[in-house]
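# Report on the structure
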Amino acid sequence: MRILAALALFALTACASAPSPDAVVMRAPRPLTPTELAQLAEGKALCVRPNNDGSCVSIATVSLMPDGIRFEDTGLTRIDLYVENFTAYFGADPLITDADRQMFAALEQRRAAGNYDLIRVTLRYEGVYDPTRRAFCTVPRPDSRIFSNAEFAFTRSRDTDRSGDWAVSPELRAQIIDLAERMFASPSAIETVGVRELTEIRDSLRHSAPACIVFYGIDSGEGVRISSMSTAAPDQMEWASTNRVRVDPHPMEAVLSLRVL
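Everything numeric in this text was worked out from a predicted model, so none of it was measured.

### Side note on the pairing of strand 9 (residues 212-220)
- Burial analysis of strand 9 places eight of its nine residues in the buried class, which makes it a mostly covered element.
- Pairing between strand 1 (residues 30-31) and strand 9: two bridges, direction antiparallel. What sits directly across from Pro31, in strand 9, is Tyr216.
- Linkage of strand 9 to strand 10 (residues 223-232), two consecutive antiparallel strands, is achieved through a turn of two residues.

Printed below as a string of structure tokens:
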């Protein structure tokens, strides 16, 4: 699984807290309705956790719209990991121009000046509610470009505090997107990586294939609470029902620890 795809696809089973002996027995997690999701998650920071060690793999936020949802997922990745992967695939590619090298130099100058070692990546999706699947499903984007739904910032922070971040400007982001598209069409990259794998990497970074996001809640004596979420392709919803990752809601202003991927 590639760097950005790892921030958006969740394949770990959630852990539910056991009820006290005097509590009403909890039922199995069930998909939340849009109304329930709005009540339980909107305006909250959802800590996405594959285990109980306290750190979040990413922070998710949801905003309900009249017919769907806007979903954002933010996580941290080491800058050197991006550099290593790019160099391994494209470092000597003849399509890299002088303008690209100038962009690299400008980014490195900014990184060094701030002593940044991480990239904060935010991925954005919009989905329409499908009552049959009880999920919010994205619309296919055949004309989408690599990183077109992503925003980047350099950071030193290992948590959700963004006060020291340096956000990549829209102009630089456009250059990065253009470079990525050129590199994934490069004959030398195709020869080095292979058509099939390069296509799979490109498509995962474009996020062009439809996906469905399901939010689950647990009913108890105190009412329903949000407990987990999952993603799956529209024709693989049984996978979503058995592969959930725990989410814990927190106030939006809370400072939460983030795991570096």
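### Comments concerning helix 7 (residues 195-206)
- With twelve residues, helix 7 should cover 16 Å at 1.5 Å per step; its first-to-last C-alpha distance of 16 Å lies within 8% of that length.
- Every buried residue of helix 7 is listed here: Leu198, Ile201, Leu205 and Arg206. Burial along helix 7 is one-sided: seen end-on, the buried residues are contained in an arc of 135 degrees.
- In the segment just after helix 7, His207 is the residue with positive phi, at about 55 degrees.

### What to know about the pattern of salt bridges
- This structure, assessed with the given rule, holds 18 salt bridges.
- Taking the shortest distance from any N to any O, the salt bridge between Glu72 and Arg124 comes out at 2.7 Å. In this pair, Glu72 sits in strand 4 (residues 68-78) while Arg124 sits in strand 5 (residues 118-130), placing the two residues 52 residues apart along the sequence.
- Overall, Glu72 belongs to the partly exposed group, its relative accessible area being 21%.
- Among the residues examined, Arg124 registers a relative accessible area of 30% and is labelled partly exposed.
- The closest approach of N and O atoms between Arg101 and Asp98, which form a salt bridge, is 3.3 Å.

Calculation notes
Residues numbered from 1 in each chain as written. Predicted model: local features only at pLDDT ≥ 70, side-chain atom pairs only at ≥ 80, totals over all residues. Heavy atoms only, no water. Buried < 20%, exposed > 50% of the residue type's maximum accessible area, 1.4 Å probe, protein only. Helix = DSSP H or I, 4+ residues; strand = E, 2+ residues; numbered from the N terminus. Pairing = 2+ DSSP bridges. Expected span 1.5 Å × (residues − 1). Arc of directions from axis to C-beta. Salt bridge = Lys/Arg side-chain N within 4 Å of Asp/Glu carboxyl O.

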